[in-house]
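Next come the chains, spelled out residue by residue.
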Amino acid sequence: MSRSLRRGSIAAIAALAIASLSSCAAGNTPATLEVKPDNASATLGTDIRLNNIVVVTGDESSGEHTGPANVTVNISNSGTEPIELQSITVGDGAAASFVDDKGAALPAVVVPAGGALLLGGPGSPTAKVASTTVSVGGYVPASFGFKNHDKVDATAQVSPNKGLYKGYGPTTAPAAVPPKATGATTPAAPATATTAPAAH
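Residues numbered from 1 in each chain as written. Predicted model: local features only at pLDDT ≥ 70, side-chain atom pairs only at ≥ 80, totals over all residues. Heavy atoms only, no water.

(A) Fine view of unusual backbone geometry. In this structure, N148 takes a positive phi of about 70 degrees despite not being glycine. Within the fold, N148 resides in the loop between strand 10 (139-146) and strand 11 (151-159). You will see that H149, though not glycine, has its phi angle at about 65 degrees, which is positive. Within the secondary structure, H149 is located in the loop between strand 10 and strand 11. (Helix = DSSP H or I, 4+ residues; strand = E, 2+ residues; numbered from the N terminus.)

Written out as structure tokens, the structure reads:
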């Protein structure tokens, strides 16, 4: 092989190596690969961020779920004023109701300024949906309404009450236990005979 041919082949190999390296460097970013995060999130302005938006169903692992569900979301507020979450709807427009950690109804949920709140977490308020139809393992539209008519439309992940979300799903009140029979019977009241007044 002549010296010029050898020089040309070396240059071609070097060019191919540089091109492949540069394409790797450009192609491994999430934007290039269009990698989407597993956890649903949304923002409102520059101060409010909703992370890990999940609708938690019962214990089924897959398939369609129709029935109660809870919504869990981590809301952070980097602003200087508290924010008030007033409503949540999921799926087919099913509305959630808020209760505190003792089960008492709440009109809204407040996230303090410079703080965060895990809705549905231990010791925190819970958002309960009485009934909705969702696909376990899939995604569902969710809408969050804040005070002053601010609204965030997002997509929530649907997860069963298992794994990371064990204990976050809907709970049912235990059935009332009937009182136990003691075996004692109440004695019947003695019958009283009534006599008609004697005819005069």
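There's more to say after this.
(B) Spatial organisation of the environment of E81. Residue position: E81 is located in the loop between strand 3 (63-77) and strand 4 (83-90). Taking the C-alpha atoms as reference points, E81 and A113, separated by 32 residues in sequence, lie 4.8 Å from one another.

(C) Examining the packing of aromatic side chains more closely. Counted by the stated rule, this structure contains one aromatic pair. Consider the rings of Y165 and Y168, whose centres lie 6.1 Å apart with planes at 80 degrees: the pair is edge-to-face. (Phe/Tyr/Trp six-rings, centres within 6.5 Å; stacked < 30°, edge-to-face > 60°.)

(D) How the structure looks around the pattern of salt bridges. Per the counting criterion, the structure on display carries two salt bridges. Linking D101 and K102 is a salt bridge whose minimum nitrogen-to-oxygen distance equals 3.4 Å. Take D101: its relative accessible area is 45%, and that puts it in the partly exposed class. (Salt bridge = Lys/Arg side-chain N within 4 Å of Asp/Glu carboxyl O. Buried < 20%, exposed > 50% of the residue type's maximum accessible area, 1.4 Å probe, protein only.)

(E) Up close: the environment of Y168. By the element assignment, Y168 lies in the segment after strand 11. Spatially, the C-alpha atom of Y168 lies 7.4 Å from that of T72, the residues being 96 residues apart in sequence. Not counting chain neighbours up to four residues away, the residues in contact with Y168 comprise V56, N70, T72, L118, G120, G121, P122 and N161. (Contact = heavy atoms within 4.5 Å.)

(F) Representation of the pairing of strand 9 (residues 126-136). Across eight bridges, strand 3 lies against strand 9 in antiparallel orientation. By the bridge assignment, T66 is partnered in strand 9 with T133. Bridge count for strand 5 (residues 94-99) against strand 9 is four bridges, and the pairing is antiparallel. Bridge assignment links A96 to a residue of strand 9, and that residue is V129. (Pairing = 2+ DSSP bridges.)

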